[in-house]
Structures are given as C-alpha cells and as structure tokens.
Amino acid sequence: MKTTIRNKKFTMGMILFLVIILLLCVSSAFYLNKLSNKTGEILKENHYSVIYASDMVESLNSIYQEITTSMLTKREPGKDIINEDILKFKKTLELEKKNITEVGEGNLAEDVEKVFGDFILTTGNYINPANRHPVDFLLLENQYNRLYLDLIKIAQINERAIEDKTNDAKVSAKSALLQMSFIGAFCFLLAYGFTFSFSSYFNDRFHRLHDGIKEIVSDDYNGKLIIAGNDEVHEL
C-alpha cells in the first residue's frame, strides 16, 4: 500500500510537535504546583503561628494593663474585659498548640499554658469581689514577663522559619527555571532536528525531480531519474 507524504511525514510532524507541547505543559504544571505547595506551607503553618503569638501578646497586655491601672487608680478592675481577654488568649493558645511545626515551639507553647494558668490564679484572686486578696505585684510582673518572652520567642522561631522556607522556595524556583530551560532547549533541538531532516528529505527529492524535468524539456531522454520511496514523488 502506498504511503503518502501527507499521511506519513506530516502526521509524524504533528505528533512530534504535540508531544513537545504536552511535555512543556506537564513540566510547567509540575514545577508551578511544587512552588505553590511550598508557598502554601509557609502561609498555613508559620505565618499563622506568628499571628497567634501576636494575638496572645495583645490579650496578655490588655489583662496586665487593666489590672495595673485599676491598682494605681484604686478603682474596680474591668472584670468583663479581663475575662474576655482570658477566653481569647485560651482559644488562640489552643490554635497554636495544633499548629506546632518548629523545633522548640512545642516546649514554649507548653510553658505558656502553664505560666498563663498561674497568671490567671494571680489575677483571679484580685478581680473576684467576694474573695479579693492583695495582688503580689512582683509575682504578677514576673509571670507577665515570662509569658511575653515565650510568645516573642514563638513568633521569632516562626519568622526565621518563614525566611528559611522563602529562601528554599527561591532556590527551588531557580532550579525549576534551570530545568525548564533544559527541557525547552531539548524540545527546540528536537523540533529543529525534525524540521531540518524533513526539509532535507524533500529538498533532495524535489531537486532530483526538477533536474529530471529540465533534462526532458531540453529533449534529453537518456538520463535516468531514480527516486526511491513509496510516495507521491516516487510515483511522479
């Protein structure tokens, strides 16, 4: 059965170019997804921990300022404000405990939970009108400072992790760009090689056919036109 140029060569060319396009698309999707996952990990884990630590510091400062202000001005402490901030602190701490990712972060969270329990007992004795006791201000200040430092350390650990993971993502991006460049160069050379081979194949055959026709036009019927193959040019 005769194989036509259109059926054989053009079909092969189209298949090759489709394979090249598919290879580039799959490679691009793979590396983009890889970089997206790295970025997602940074936002999901460490960034949230920084926010949690910041929220707990805000609640802690609010409680401490309310108590110290009421002591200095000799007024009743805002019990509702303090209880609201205590509840907010506890909820945020639970979120942080479920989002431990870095070395040492878990120990800091446990220490925060323990010291905050003592801090609540110290403040509770003061804000409860039925059983009010004088506040050991030095003890309260020490508990506050310890909690504050632990929360700052949690934030710093996660900030450093964000920086490290960001740098890692940059390295991965450079590596992906380099690999995509190699893949692109390979596909270009493959396409160029096929195009060169395709054009050389037809140039040789059409030049022979052209030379043979010129001999016939010049009334030279002794020449032989040999074109091997099983396509339209061979048939002509």
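About the criteria used
- Residues numbered from 1 in each chain as written.
- Predicted model: local features only at pLDDT ≥ 70, side-chain atom pairs only at ≥ 80, totals over all residues.
- Heavy atoms only, no water.
- Phe/Tyr/Trp six-rings, centres within 6.5 Å; stacked < 30°, edge-to-face > 60°.
- Helix = DSSP H or I, 4+ residues; strand = E, 2+ residues; numbered from the N terminus.
- Buried < 20%, exposed > 50% of the residue type's maximum accessible area, 1.4 Å probe, protein only.
- Core = buried A, V, L, I, M, F, W, Y, C linked by side-chain atoms within 4.5 Å.
- Contact = heavy atoms within 4.5 Å.
- Expected span 1.5 Å × (residues − 1).
- Arc of directions from axis to C-beta.
- Patch = residues over 30% accessible without salt bridge, like charges linked within 9 Å, V, L, I, M, F, W, Y side chains within 5 Å.
- Areas by Shrake-Rupley, 256 points an atom, 1.4 Å probe, with all protein chains shown as cover.
- Salt bridge = Lys/Arg side-chain N within 4 Å of Asp/Glu carboxyl O.
- Axes fitted to C-alpha atoms, helices over the stretch in contact; angles between N-to-C directions.
- Parallel < 35°, antiparallel > 145°, perpendicular 65-115°, else oblique.
- Left-handed = near helix turned anticlockwise from the far one by under 90°.
- Nonpolar A, V, L, I, M, F, W, Y, C, P; charged D, E, K, R; others polar.

Throughout the structure, instances matching the rule amount to five aromatic pairs. Measuring from centroid to centroid gives 3.8 Å for F89 and F116, while their planes differ by 15°, and the two rings are stacked. Linking F89 in helix α2 (residues 79-97) with F116 in helix α3 (residues 105-127), this pair joins segments that are 27 residues apart in sequence. Each member of the pair F89 and F116 is classed as buried. With centroids separated by 6.1 Å and ring planes inclined at 25°, the aromatic side chains of Y144 and Y148 adopt a geometry described as stacked. Residue Y144 and its partner Y148 are located together in helix α4 (residues 137-217), separated by four residues, close to a single helical turn. By way of ring pairs, the aromatic residues Y64, Y144 and Y148 are connected into one cluster.

Let us now look at the nonpolar core. Core analysis: the largest hydrophobic core is formed by 26 residues, its most contacted members being F89, F119 and L151. At the level of elements, α1 (5-73), α2, α3 and α4 are the ones that each hand at least two residues to this core. Here the element with the most residues in this core is α1; it accounts for eight residues. Non-local contacts of F119, meaning those with residues more than four positions away in its chain, are made with L60, I63, L140, Q143, Y144 and L147.

Once that is clear, we can look at α2. Over its 19 residues, α2 extends 27 Å from the first C-alpha to the last, a length consistent with the 27 Å expected when each residue adds 1.5 Å. All buried positions along α2 are accounted for by I82, D85, I86, F89, T92, L93 and E96. Taken around the axis of α2, the buried residues stretch over an arc of 135°, which confines them to a single face. Turned more than 90 degrees off the buried face of α2, the exposed positions are D80, E84 and K91.

Turning our attention to the side chain of S59. Relative to the assigned elements, S59 resides in helix α1. With residues up to four places along the chain from it excluded, the contact list for S59 reads D85, K88 and F89.

Turning our eyes to something else, we now look at the environment of K153. Mapped onto the fold, K153 is located in helix α4. Expressed as a C-alpha distance, the spacing of K153 and A53, which sit 100 residues apart in the sequence, is 8.9 Å.

Attention now goes to a nonpolar patch on the surface. Among the surface-exposed residues, L23, F186 and L190 lie close enough to one another that they form a single nonpolar patch of about 260 Å² accessible area. For L190, a relative accessible area of 35% translates into the label partly exposed.

In this model α3 runs 32 Å from its N-terminal to its C-terminal C-alpha over 23 residues, within 8% of the 33 Å that 1.5 Å per residue would give. Taken together, the buried positions of α3 are occupied by E105, L108, A109, D111, V112, V115, F116, F119, T122, T123, Y126 and I127.

To continue, consider the packing of α2 against α3. Contact pair α2 / α3: the axes reach a minimum separation of 11 Å and the direction vectors enclose 165°. With respect to their mutual orientation, α2 and α3 come out roughly antiparallel. Considering only the axes of α2 and α3, their crossing is left-handed. Residue-level inspection shows K79, I82, N83, I86, F89, K90, L93, E94, E96 and K97 of α2 in contact with α3, the latter providing E105, A109, V112, E113, F116, I120 and I127. Of the residues belonging to the contact of α2 with α3, the class tally is nine nonpolar, one polar and seven charged.

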